[in-house]
Amino acid sequence: DTGVSQNPRHKITKRGQNVTFRCDPISEHNRLYWYRQTLGQGPEFLTYFQNEAQLEKSRLLSDRFSAERPKGSFSTLEIQRTEQGDSAMYLCASSLGQAPTEAFFGQGTRLTVV
Amino acid sequence: AQTVTQSQPEMSVQEAETVTLSCTYDTSENNYYLFWYKQPPSRQMILVIRQEAYKQQNATENRFSVNFQKAAKSFSLKISDSQLGDTAMYFCAFRGFSGTYKYIFGTGTRLKVLA
């Protein structure tokens with residue numbers, strides 16, 4: 001098992017453009033999470049899925065953000081009409097629905113909006 | 001709503017010494033999970049240690065141990081025999097036992113191990 005994989009690792013985009021990130025979780029994990037992390041801060045929860053169902057979405061997440069997990073496998077996070085404030089590291093994590101209970105993180109996608 | 005607080009933004013320790021990182025949390029749940037994660041510079045976050053709230057015994061993983069005080073809602077991490085490779089951001093995290101399964105993180109403590 002290669003762990004949680006995220007692509008791309010880095011993305012530079014112009015303000016107003018749309019971007020999409022992909023996350024491939026550990027294969028047997030049924031929960032998948034998206035977090036945003038800015039420099040020197042802890043991960044901020046965005047949303048999570050159990051299988052293909054999106055169970056919770058942060059109220060801080062604007063309508064420009066959308067996430068999908070078709071067929072309960074990989075997930076995509078799309079940001080429409082990017083703004084400079086969207087610049088951050090976007091982390092994906094996955095976990096089993098049973099013990100052990102910890103989340104396993106990917107290496108993240110660093111987004112820079114210019 | 002659950003919250004996690006780490007009151008030490010930065011700490012340093014001499015190599016081979018012991019250091020303790022603090023974490024407090026707030027929840028109305030009786031059962032939950034607590035974690036310490038390590039994030040080295042420019043590298044991914046990895047689990048250091050986990051604690052189930054229903055277990056009274058403090059978790060230990062090699063040089064890492066926790067002091068879990070459920071009544072005080074305190075969950076500190078002790079690193080013994082600090083090594084240069086322990087230099088990293090350390091995050092305390094909470095996850096409920098039922099209901100929402102999201103992980104809630106503190107703001108982190110930047111630990112620097114000095115040679």
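Here, every reference points to the structure presented above.
Heads up: these notes are all about the structure in this document. Quantities reported herein were computed from a predicted structural model and do not represent experimental measurements. Every residue gets a number counted from 1 within its own chain, in the order that chain's sequence is written. Here the convention is simple: chains get letters from A, ligands get numbers from 1, in the order in which they are written. Selection of residues for local features in this predicted model requires a pLDDT of at least 70, selection of side-chain atom pairs for listing and counting requires 80 or more, and totals for whole chains, interfaces and linings are taken over all residues. To get the side-chain values, take all heavy atoms of the structure and skip hydrogens and water.

### Quick word on the overall build of chain B
1) Next: Looking only at helices and strands, one finds zero helices and twelve strands in chain B.
2) Next: We compute the radius of gyration over the C-alpha atoms and compare it with the globule rule, which gives 2.2 Å times the number of residues raised to the power 0.38. The globule rule puts the C-alpha radius of gyration for 115 residues at 13 Å, and the 14 Å found for chain B is close to it.
3) Next: By the burial criterion, 50% of the 115 residues in chain B qualify as buried.
4) Next: Contacts are assigned to residue pairs that have any heavy atoms within 4.5 Å of one another. Taking the contacts inside chain B whose residues are at least 6 apart along the sequence as the reference set, 56% of them involve residues at least 24 apart.
5) Next: Using a 1.4 Å probe, the Shrake-Rupley method yields the accessible areas, and only the shown protein chains count as cover for residues. By element, 44% of the accessible surface of chain B is carried by carbon and sulfur atoms, the whole surface being about 5,700 Å².
6) Next: When charges are counted, Lys and Arg contribute as positive and Asp and Glu as negative, whereas His and the chain ends are disregarded. Positions of charges follow a simple convention, taking NZ of Lys, CZ of Arg, CG of Asp or CD of Glu. Treating the 12 positive side-chain charges of chain B as one cloud and the 9 negative ones as another, the clouds have centres 6 Å apart. Secondary structure elements follow DSSP: runs of H or I no shorter than four residues count as helices, runs of E no shorter than two count as strands, and numbering proceeds from the N terminus. A 1.4 Å probe rolled over the protein chains alone gives each residue an accessible area, and that area as a share of the maximum for its type sets the label: buried under 20%, exposed over 50%, partly exposed in between.

### Focus: the environment of B:Met45
1) Next: With respect to the secondary-structure elements, B:Met45 resides in the loop between strand S5 (32-39) and strand S6 (46-52).
2) Next: For B:Met45, a relative accessible area of 4% translates into the label buried.
3) Next: Separated by 43 residues in sequence, B:Met45 and B:Ala88 place their C-alpha atoms 9.8 Å apart.
4) Next: Discounting chain neighbours no more than four positions away, the residues touching B:Met45 are A:Pro43, A:Leu91, A:Phe105, B:Tyr37, B:Lys38, B:Gln39, B:Phe91 and B:Phe105.

### Here we look at the packing of aromatic side chains
1) Next: Note on aromatic pairs: the rings of Phe, Tyr and Trp (six-membered ring only in Trp) are paired at centre separations within 6.5 Å, and the planes decide the class, stacked below 30 degrees, edge-to-face beyond 60, tilted for the rest. Under the defined criterion, the tally for this structure stands at 21 aromatic pairs over all chains.
2) Next: Pairing B:Tyr25 with B:Phe94 gives two aromatic rings, centres 6.2 Å apart and planes at 35 degrees, and the pair type is tilted. Taken together, the residues B:Tyr25 in strand S4 (residues 24-26) and B:Phe94 in strand S10 (residues 88-96) connect sequence positions 69 residues apart. Side by side, B:Tyr25 and B:Phe94 carry an identical accessibility label, which is buried.
3) Next: Clustering of aromatic rings is evident, with ring pairs tying together A:Tyr33, A:Tyr35, A:Phe45, A:Tyr48, A:Phe105, B:Phe35, B:Tyr37, B:Tyr103 and B:Phe105.
4) Next: We call a charge positioned above a ring when the Lys NZ or Arg CZ atom is no farther than 6 Å from the ring centre and deviates by at most 35 degrees from the ring normal. A cation over a ring is seen here: A:Arg22 above A:Phe74, with NZ or CZ 3.9 Å from the ring centre.

### What to know about the state of the cysteines
All names here are of chain B.
1) Next: Throughout, disulfides are identified as pairs of cysteine sulfur atoms within 2.5 Å of each other. Under the criterion given, the structure shown has two disulfides over all chains.
2) Next: Each disulfide pairs two cysteine sulfurs, and for Cys 23 the partner residue is Cys 92, the sulfurs being separated by 2.0 Å. Around the S-S axis, the bridge from Cys 23 to Cys 92 shows a dihedral of about -70 degrees and counts as left-handed. Here Cys 23 is found in the loop between strand S3 (19-21) and S4, whereas its partner Cys 92 is found in strand S10, with 69 residues between them in sequence. Residue Cys 23 shares its accessibility class with Cys 92, and that shared class is buried.

### Brief notes about the sheet that holds strand S7 (residues 65-68) of chain A
In sheet architecture, strand pairing relies on hydrogen bonds along the backbone and comes in two forms, parallel and antiparallel.
Residue and element names in this part refer to chain A.
1) Next: Across the sheet, which stays open at both edges, the four strands sit in the order S1-S3-S8-S7 with antiparallel pairing between neighbours. Both edges of this open sheet fall to strand S1 (5-7) and S7, since each of them pairs with a single strand only. For this sheet, the mean inter-axis angle between neighbouring strands, taken without regard to orientation, is 15 degrees.
2) Next: Of the strand pairs in this sheet, strand S3 (residues 19-24) and strand S8 (residues 75-79) are connected by five bridges, and their pairing is antiparallel. Bridge pairing links Cys 23 to Ser 75 in S8. Between any two strands, pairing holds if DSSP finds at least two bridges. Lines fitted to C-alpha atoms define the axes, with helix axes restricted to the stretch in contact, and inter-axis angles between N-to-C directions lie between 0 and 180 degrees.

### What about the nonpolar core?
All names here are of chain B.
1) Next: Membership of the largest hydrophobic core comes to 26 residues, with the highest contact counts inside it found for Tyr 25, Trp 36, Phe 75, Leu 77 and Tyr 90.
2) Next: Elements represented by at least two residues in this core include exactly S3, S5, S6, strand S8 (64-69), strand S9 (74-79), S10 and strand S12 (109-114).
3) Next: With four residues, the single largest contributor to this core is S10. Among the buried residues, those of types Ala, Val, Leu, Ile, Met, Phe, Trp, Tyr and Cys that are joined through side-chain atoms within 4.5 Å form a nonpolar core.

### Here's the deal with the interface of chain B and chain A
1) Next: Contacts between the two partners involve 20 residues from chain B, matched on the other side by 21 residues from chain A.
2) Next: Buried surface area refers to the total accessible area, computed with a probe of radius 1.4 Å, that the two partners give up upon joining, counted for both partners together. For the pair chain B and chain A, the summed buried area comes to about 1,700 Å², and 51% of that belongs to carbon and sulfur atoms.
3) Next: When the area that chain B buries against chain A is broken down by residue, the three leading residues are B:Gln44, B:Tyr101 and B:Tyr103, summing to 32%.
4) Next: Here the side of chain B that touches chain A gets four residues from one element, more than from any other, and that element is S5(B).

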